[in-house]
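# Structure at a glance
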Amino acid sequence: MLLSYIKTLAIVHMLLGYIFITSGLIVNFFMFCSCIIWPFSRSLYRRVNKYLAYSIWSQMVFLAEWWSGSEVEVVAPPEDLKYYGKEHGLVVMNHKYDIDWLAGWVLAERCGLLGSTKVYVKDSLRYVPVIGWSWHFTEALFLKRNIEKDKKIIKEQLAELTDYPPDLKVWILLFAEGTRFTEKKRLVSNEVARKKGLPELKHHLLPRTKGFTLSMYALKGIMPVCYNCILGFKDEGAAPTLSNILNGKKTVSQLVVRRLPLTDVPDDEEGASNWLIHRYKEMDDIYDEFTKKGEFSGHVSKLPRRKYDLFVWCFWAILLCTPLFYYVGKAFIFGSMYLQIGVIVALFTVSLIVRMMVGVTQIERGSAYGKKNREKKED
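Reference entry: report on the structure contained in this document. (Residues numbered from 1 in each chain as written. Predicted model: local features only at pLDDT ≥ 70, side-chain atom pairs only at ≥ 80, totals over all residues. Heavy atoms only, no water.)

## A short note on the sheet that holds strand β5 (residues 171-174)
The test is simple: Whether two strands pair depends on DSSP finding at least two bridges between them. Under the scheme used here, helices are H or I runs from DSSP no shorter than 4 residues and strands are E runs no shorter than 2 residues, and both carry numbers assigned from the N terminus. In this analysis, two residues are considered to be in contact whenever any of their non-hydrogen atoms come within 4.5 Å of each other. What counts as an axis is a line fitted to C-alpha atoms, over the stretch in contact for a helix, and the angles between N-to-C directions run from 0 to 180 degrees.
Read across the sheet, 8 strands follow the order β4-β3-β5-β2-β6-β7-β1-β8 without closing on themselves; strand pairing throughout is mixed. Two strands in the sheet have a free side with no partner beyond their single neighbour: β4 (141-143) and β8 (300-301). Relative to β5, strand β2 (residues 89-93) runs parallel, the two sharing 4 bridges. Of the residues in β5, the one forming a bridge with V92 is L174. Lying over the sheet, helix α6 (residues 147-159) contacts β3 (117-122), β4 and β5, oriented at roughly 175 degrees with respect to β4.

Spelled out as structure tokens, the structure:
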């Protein structure tokens, strides 16, 4: 099909990148301006930034849902669906794929919570334009990988949830493995597990429990549940990479969602740590069944797509592409050679940024599991 071919063209990817980066920087500016609201009304500030953040993040969901036609099937008890989007939740998800974060965003979008999601990320990402800056203004949890400093950050940030408007629900995403899965990292992870007498996992890494246990001190009594999510991509779709999404290739995934009360998590650090490790062993067993059957067992629901992400992308595309086509066309028809060279350099720069964004999501770019700890011991 002609449309499928068009979606693979580099010039089209440059156009998508131009829309995302330019609109993102515009929104970042408005987010910065919204800081003037903070001293007078934190509630209003958070509402404003929920919608501003949505106008950036929804463009990635648009690529998954409308551009590539990808599908996320939810495997969960039907009686749990009524709670989605109606309560605060800690989302603990496996980290096996390049675009598992995007599947999480698709679920959040369909539950009406995309703009009010939070994530645990390393502190250096707050300085990355567009996404990093939007996380900063929406109060993401930036961790410094220093236990004492992170303990203070988590305690203070999560305590702010009590100050949120009752109707503004929040999901906090935690990839407890700390890095994307590779077989090499799994072998290192299982070596650690054997030394500590912990269960060895076939398809996941042993979770790093510190962030989870520190969060429990602040979340209990504020956040009622943990949404334990297990993601698997079916063979019937394209490989789960951002490159395939950009090329308009459909991926098909299933997401097991287990709604677990946080009251079940022990109050002490060791107990909370063991609780998380046992959940990961259960996740590993469930995923093992997926590898054999090609699908998860349980009730499958297709949460309906909302069209807001499509409308947002169309708005930015019309707003930003109309002047772009006018001035680029004018530059090549009437402009000097230097102006034409400048346009070509600008297009090349956008193309390079898009490639860098795709590269960041690739599994091999993840951090090395346990590398820092081993280096310290060798010193």
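Moving on, there is more to tell.
## Quick notes on the environment of Y217
When you line up the elements, Y217 lands in helix α8 (residues 210-219). With 193 residues separating them in the primary sequence, Y217 and G24 have C-alpha atoms 35 Å apart.

## Re helix α3 (residues 42-67)
Formally: Every helix has an expected span of 1.5 Å times one less than the residues it contains. One axis fitted to the seven residues ending at a residue, another fitted to the seven starting there: the angle between these axes is the bend at that residue.
Under the 1.5 Å per step criterion, the end-to-end length of α3 is 36 Å for 26 residues, consistent within 8% with the ideal 38 Å. Taking the largest bend as the criterion, α3 deviates by roughly 35 degrees, centred on V61. Of the residues trailing α3, G69 is marked for its positive phi of about 70 degrees.

## Comments concerning the pairing of β5
What counts, and what does not: Here's how the labels work: a residue is buried when its accessible area is under 20% of the maximum for its type, exposed when over 50%, partly exposed in between, all with a 1.4 Å probe on protein chains only.
What you see with β5 is no split at all: W171 and L173 on one side and I172 and L174 on the other are buried throughout. Bridge count for β3 against β5 is 3 bridges, and the pairing is parallel. If you follow V119 over to β5, its bridge partner there is L173.

## Quick look at the packing of aromatic side chains
To be explicit about the condition: The rule is short: rings of Phe, Tyr and Trp, with Trp giving its six-membered ring, pair when the centres are within 6.5 Å, and they are stacked under 30 degrees, edge-to-face over 60, tilted in between.
This structure, assessed with the given rule, holds 13 aromatic pairs. Taking the centre distance of 5.6 Å and the plane angle of 20 degrees together, the rings of W57 and W105 count as stacked. Highlighted residues: W57 in helix α3 and W105 in helix α4 (residues 100-110), separated in sequence by 48 residues. Taking the relative accessible area as the measure of exposure, W57 reaches 0% and is therefore buried. For the pair F212 and W275, a centre-to-centre distance of 5.6 Å together with 5 degrees between the ring planes defines the contact as stacked. Here F212, found in helix α8, pairs with W275, found in helix α10 (residues 269-293); they are 63 residues apart in sequence, far enough to count as distant. For F212, a relative accessible area of 0% gives the class buried. Overall, the relative accessible area of 10% leaves W275 in the buried class. One aromatic cluster is present, built from ring pairs that chain together W57, W101 and W105.

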